[in-house]
Amino acid sequence: MTAERIAAPAPTREQQVLDRIERARRRKAVVREERITLAHGAGGKATQTLVEGLFVEAFRNPRLAPLDDGAILPATGDRLVLTTDSYVVSPLFFPGGDIGDLAVNGTVNDLAVSGARPRYLSAGFILEEGFPVPDLARIVASMAAAARRAGVEVVTGDTKVVQRGKADGCYINTAGVGLLDRPHTYTATAVRPGDAVLVSGPIGEHGVTIMLARGELDIEADVASDTAPLHELVATLLDTAPGVRLMRDATRGGVATILNEVARAAGVAVVVDDAAVPVRPAVNGACEMLGIDPLYVACEGRFVAVVDGDEAEAALAALRGHPLGEGAALIGRIGADPPGLVLLKTAFGGTRIVDTLVGDPLPRIC
Amino acid sequence: MRFVDEYRDAEKAQALATQIAALCEPGRQYKFMEVCGGHTHTIYKHGLEDYLPESVQLVHGPGCPVCVIPMGRVDDAIAIAQRPDVIMTTFGDMMRVPGGNGSFFDAKAAGADIRMVYSPLDALKIARQNPDRRVVFMGIGFETTAPSTAMTVLRAAAEGLGNFSVFCNHVTIIPAIKAILDSPDLRLDGFLGPGHVSTVIGCRPYEFIARDYGKPLVCAGFEPLDILQSVYLLLKQLADGRCEVENQYTRVVPWDGNLRALDAIGRVMRLRPYFEWRGLGFINDSALQMRDEYATFDAERIFAIPGVRVADPKSCQCGEVLKGVLKPWECKVFGTACTPETPIGTCMVSSEGACAAYYNFGRFSRSRVKEATRV
């Protein structure tokens, strides 16, 4: 009977229906639901549709396309740098960006400040049941755009859906692989007295943007997140100043926390000139009102570099020559004593010790 | 920033520093207490002590409103917050203050619904949005914040909002200053008066300090130049042989205070017979509670609170440190039972408290720090 049908020259009505189904199967997967359901994480049809219709569509590249359990990457003689970071920002969308470009730029920057050329990312999504699919599409689109901008490929991924109330909408984890083709290793122990401390631009913009975007404060300010990929800016710096000792992107805990880590790890004093630290007026104003110190506020597109003192001016000029480093500044010097401390020369003409925060910066009541 | 940078001018500071140094009698030591935690913050943030001669010492006073809340009251607040129908709302810096059994942060992690707000009016907003929950505002602070709590209660009453209440822990500044003045071993030469509190209560309530206790007081603003100028005015009084209440913060503080704010406090709250202060013990008439007319907004009457009493350990000597009798390291429990992670007394609770600052940085002398910044 089957053989008969295949051999039949004119399609029967049954055959027409079967063909239509076959064509539909071959058509591009499209996510038609408006909200994420537990089925999207169950590994069946819905998961497949989500992966093919949304993720593969956005991140399309030859290493991702086979959708095998692992992506196969070409090996070179260079050292590899591997990093991972999870993104749980709230709100998911904010002026200047969203969790998607944050998840790409953050991991790209961790690779970049290690001195590596970022190449491949993984993307793991933890979605809350009921999360709007259009929001997910928007996040994935901005991840894809950020990946293109940073020249990296998302080569593997994972999706899980948890019950409503067990997560806050959407969490993303990205791991990143970069190639370290420079001979150096950039680490705090290389820092020594006489070195200069640079920051690649005005600080605190991301953190203040998030605080204001949560809408709990009745403060309005013209600020946007500084989220950006820093690999080009870092490469420019490294090409100009071979005496770069260390770079760190100034995320959680801000510039103050990084400097404390440097001071302790290298056993040096870090002396910062408050007046030289670049802070935009809107950020400064918001921080002043909230009783928060911008030195502790997170950035997502700025890094701190410690460079050989003799190369400080050249390094600064190199940073300022790049659009993402226009606001770069020389903010301080490394001293020998007292070891392990970060000292701030205040604009007022005094000095104080800049300590590591115990927890989140909290607004003061008076 | 306009109206801020003018008061942070390093050149003017240098000129004031020269005048301050010129007023100091050789060989004499001066100890002035800045009563308010906001002043401590400014002094610390701008490194103001670098402008003062070694012979002028600033003693951090009891005016950090979250630090003086006794452990038992924190435990009571947590007991309220742990009720499933309650949303507890509080100012941010209250979150870390430890009670006898953990802080708000710990209680939140254990499941209590505790939310940070920036104004009691935000708590009112939460109450409107959650009609099926009972929203409690943790009222803390001196006369600075009490008016906003009182105004919020008045508004809640006007709106007939039945699910909003205040756990009132507001304290008053004068009895605390008096407790310090009454100490027989007091070693203070004068006071920097609390500017924010004074915008509400004015300068008149301080007059007894100069008249009865012979200590000058200068009501001071919160920018670094304000504080330097106030130190100058105190030294000038001592040099001239005067002892008065002066107002340096005239751009904000009226001599008679803010009558409307005082009226709001008076309508909603009355003095408690006594209240416990962390580090200072029980002080008569030193705090506010809700009036009977507003009993339905009084969390203490709405909820059966345990009324926890956690006595400060007898060995805690915050009182002596506050009065300038003891240096932090001379306290019996300093650095052993009392550390920044497990603070016992008020001086260790806030990172700007005298003991916490000494614990973290005492090993570095100011001269060593100053030397290092000359790189």
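Residues numbered from 1 in each chain as written. Chains lettered and ligands numbered in written order. Predicted model: local features only at pLDDT ≥ 70, side-chain atom pairs only at ≥ 80, totals over all residues. Heavy atoms only, no water.

- As annotated in an unreviewed UniProt entry, chain B carries the name Hydrogenase formation protein HypD and comes from Phytohabitans flavus.
- In UniProt, chain B has this text filed under Sequence similarities (unreviewed entry): "Belongs to the HypD family." (UniProt positions renumbered as here; feature names shortened; annotations may be inferred.)

- Identification of chain A as Hydrogenase expression/formation protein HypE from Phytohabitans flavus is taken from an unreviewed UniProt entry.

### Notes on the overall build of chain B
- Helices and strands together make up the secondary structure of chain B, namely 16 helices and 13 strands.
- For chain B, the C-alpha radius of gyration of 21 Å lies close to 21 Å, the compact-globule estimate for 375 residues.
- With the principal axes as the frame, chain B shows a C-alpha extent of 65 × 45 × 45 Å.
- Within the span of chain B, comprising 375 residues, buried residues form 58% of the whole. (Helix = DSSP H or I, 4+ residues; strand = E, 2+ residues; numbered from the N terminus. Rg over C-alpha atoms; globule rule 2.2 N^0.38 Å. Buried < 20%, exposed > 50% of the residue type's maximum accessible area, 1.4 Å probe, protein only.)

### Re the UniProt feature "domain: PurM-like C-terminal" (unreviewed entry) in chain A
- UniProt's entry tags residues 192-338 of chain A with the feature "domain: PurM-like C-terminal" (unreviewed entry), counted in the numbering of this structure.
- Strand forms 18% of residues 192-338 of chain A and helix 35%; the C-alpha atoms that close the span are 13 Å apart.

### Concerning the nonpolar core
- Judged by nonpolar contacts, the single largest core of 86 residues is most densely connected at B:Met88, B:Met94, B:Phe104, B:Phe164, B:Ile173, B:Phe191 and B:Tyr206.
- Among the elements that take part in this core, helix α7 (residues 173-181) of chain B stands out by supplying 6 residues, more than any other.
- The residue makeup of this core includes at least three contributed by each of domain 1 (5-64 + 177-247) and domain 2 (71-173 + 257-302) of chain B.
- When near neighbours in sequence (up to four residues on either side) are disregarded, B:Phe104 contacts B:Ala77, B:Ile78, B:Met88, B:Thr90, B:Met94, B:Met95, B:Val97, B:Ile114 and B:Met138.
- Counting residues in each nonpolar core, the second largest holds 36 residues, with A:Phe59, A:Leu92, A:Ala123 and A:Cys170 among its members. (Core = buried A, V, L, I, M, F, W, Y, C linked by side-chain atoms within 4.5 Å. Domains from an automatic or database assignment. Contact = heavy atoms within 4.5 Å.)

### Structural notes on the sheet that holds strand β5 (residues 153-162) of chain A
Residues and elements named next belong to chain A.
- Read from one edge to the other, the open sheet built from 4 strands follows the order β1-β6-β4-β5, with strand pairing classed as mixed. Of all strands in the sheet, those bounded by a partner on one side alone are β1 (79-87) and β5. This sheet shows a mean twist of 15° between the axes of neighbouring strands, independent of strand direction.
- Bridge count between strand β4 (residues 117-128) and strand β6 (residues 170-180): 10 bridges; the pairing is antiparallel. Within β6, the position partnered with Leu-121 by the bridge is Gly-176.
- Here helix α4 (residues 99-113) sits on the sheet in contact with β1, β4 and β6, set at roughly 30° to β6. (Pairing = 2+ DSSP bridges. Axes fitted to C-alpha atoms, helices over the stretch in contact; angles between N-to-C directions.)

### Looking at the pattern of salt bridges
All names here are of chain A.
- What the rule picks out here adds up to 39 salt bridges over all chains.
- A salt bridge links Glu-205 to Arg-280; its shortest N-O distance comes to 2.7 Å. Residue Glu-205 is located in helix α6 (residues 205-213), and its partner Arg-280 is located in the loop between β9 (269-273) and α9 (281-290); the two are separated by 75 residues in the primary sequence.
- Judged by relative accessible area, Glu-205 falls into the buried class, the value being 5%.
- For Arg-280, a relative accessible area of 42% gives the class partly exposed.
- Taken together, the shared-partner salt bridges in this structure form one network comprising Glu-205, Asp-226, Arg-280 and Arg-302. (Salt bridge = Lys/Arg side-chain N within 4 Å of Asp/Glu carboxyl O.)

### Let's talk about the interface of chain A and chain B
- Between chain A and chain B, the residue contacts involve 34 residues of the former and 47 residues of the latter.
- For the pair chain A and chain B, the summed buried surface comes to about 3,300 Å²; carbon and sulfur atoms form 65% of the total.
- The residue B:Arg8 makes a salt bridge to A:Glu288 at a minimum N-O spacing of 2.7 Å.
- Of all elements in the fold, only α9, β11 (329-335), β12 (342-345) and β13 (351-353) of chain A reach the threshold of two or more residues within the side of chain A that touches chain B.
- No other element matches α9(A), which puts 4 residues into the side of chain A that touches chain B. (Buried area = accessible area lost by both parts, 1.4 Å probe.)

### Some remarks on unusual backbone geometry
- In this chain, A:Ser90 is followed by A:Pro91 through a cis amide linkage whose omega measures 5°.
- Among the secondary structure elements, A:Pro91 is positioned in the loop between β1 and β2 (93-94).
- The residue after A:Asp337, namely A:Pro338, is reached through a cis peptide bond having omega -5°.
- Checked against the element boundaries, A:Pro338 lands in the loop between β11 and β12.
- If you check the backbone angles, A:Leu67 has positive phi at about 55° while not being a glycine.
- A:Leu67 sits in the partly exposed class, given a relative accessible area of 37%.
- Even without a glycine there, the phi angle at B:Asp285 is positive, about 50°.
- The residue B:Asp285 is located in the loop between β12 (281-284) and β13 (288-290) in this model.

### Some thoughts on the state of the cysteines
Residues and elements named next belong to chain B.
- Going through the model one piece at a time under the given rule, you end up with 0 disulfides over all chains.
- There is no disulfide at Cys-347, and the cysteine sulfur nearest it, in Cys-318, is 3.4 Å away.
- Cys-347 sits in the buried class, given a relative accessible area of 4%.
- Between Cys-355, a cysteine without a disulfide, and Cys-347, which holds the nearest cysteine sulfur, the sulfur-to-sulfur distance is 4.4 Å. (Disulfide = S-S within 2.5 Å.)

### Quick look at empty space enclosed by the protein
Residues and elements named next belong to chain B.
- A complete count under the given rule lists 2 cavities of 30 Å³ or more for this structure.
- The computed volume of the largest cavity comes to approximately 50 Å³.
- Along its surface, the largest cavity is lined by Cys-316, Gln-317, Cys-318, Val-321, Cys-331, Val-333, Phe-334, Cys-338 and Cys-355.
- When its residues are assigned to classes, the lining of the largest cavity shows 8 nonpolar, 1 polar and no charged.
- Size it by volume and the second largest cavity reaches roughly 40 Å³.
- At the level of elements, β1 (30-36) and α8 (195-201) are the ones that each hand at least two residues to the lining of the second largest cavity.
- Each residue belonging to the lining of the second largest cavity can be placed in one class, and the counts come to 7 nonpolar, 3 polar and no charged.
- Built from parts of two domains, the lining of the second largest cavity gets at least three residues from each of domain 1 (5-64 + 177-247) and domain 2 (71-173 + 257-302). (1 Å grid on protein atoms, 1.4 Å probe; cavity = no way out; pocket = protein on both sides within 12 Å on 5 of 7 lines; lining within 4 Å. Points joined across faces, edges and corners; volume = space filled by probe spheres on them. Nonpolar A, V, L, I, M, F, W, Y, C, P; charged D, E, K, R; others polar.)

### Description of the domain arrangement of chain B
All names here are of chain B.
- Domain annotation of chain B identifies domain 1 (5-64 + 177-247), domain 2 (71-173 + 257-302) and domain 3 (318-372).
- Each of domain 1 and domain 3 was reduced to a C-alpha centroid, and the two centroids are 21 Å apart.
- Facing the 19 residues of domain 1 at the interface are 12 residues of domain 3.
- Together, the buried faces of domain 1 and domain 3 total about 1,300 Å²; carbon and sulfur atoms form 55% of this surface.
- For domain 1, the biggest contributors to the area lost against domain 3 are Tyr-44, Asp-50 and His-60; these three give 32% of the whole.
- Across the domain 1-domain 3 interface, the total number found is 0 salt bridges.
- Of all elements in the fold, only β1, α2 (37-46) and β2 (56-63) reach the threshold of two or more residues within the side of domain 1 that touches domain 3.
- Here the residues of the side of domain 1 that touches domain 3 sort into 8 nonpolar, 6 polar and 5 charged.

### Things to note about the pairing of β5(A)
Residues and elements named next belong to chain A.
- Inspection of the sheet shows β4 paired to β5 by 9 bridges, in the parallel sense. Counterpart to Glu-128 in the pairing with β5 is Val-162.
- A crossover connection joins β4 to the parallel β5 through helix α5 (residues 133-150); in handedness this β-α-β unit is right-handed. (Right-handed = clockwise from strand over helix to strand, strands pointing away.)

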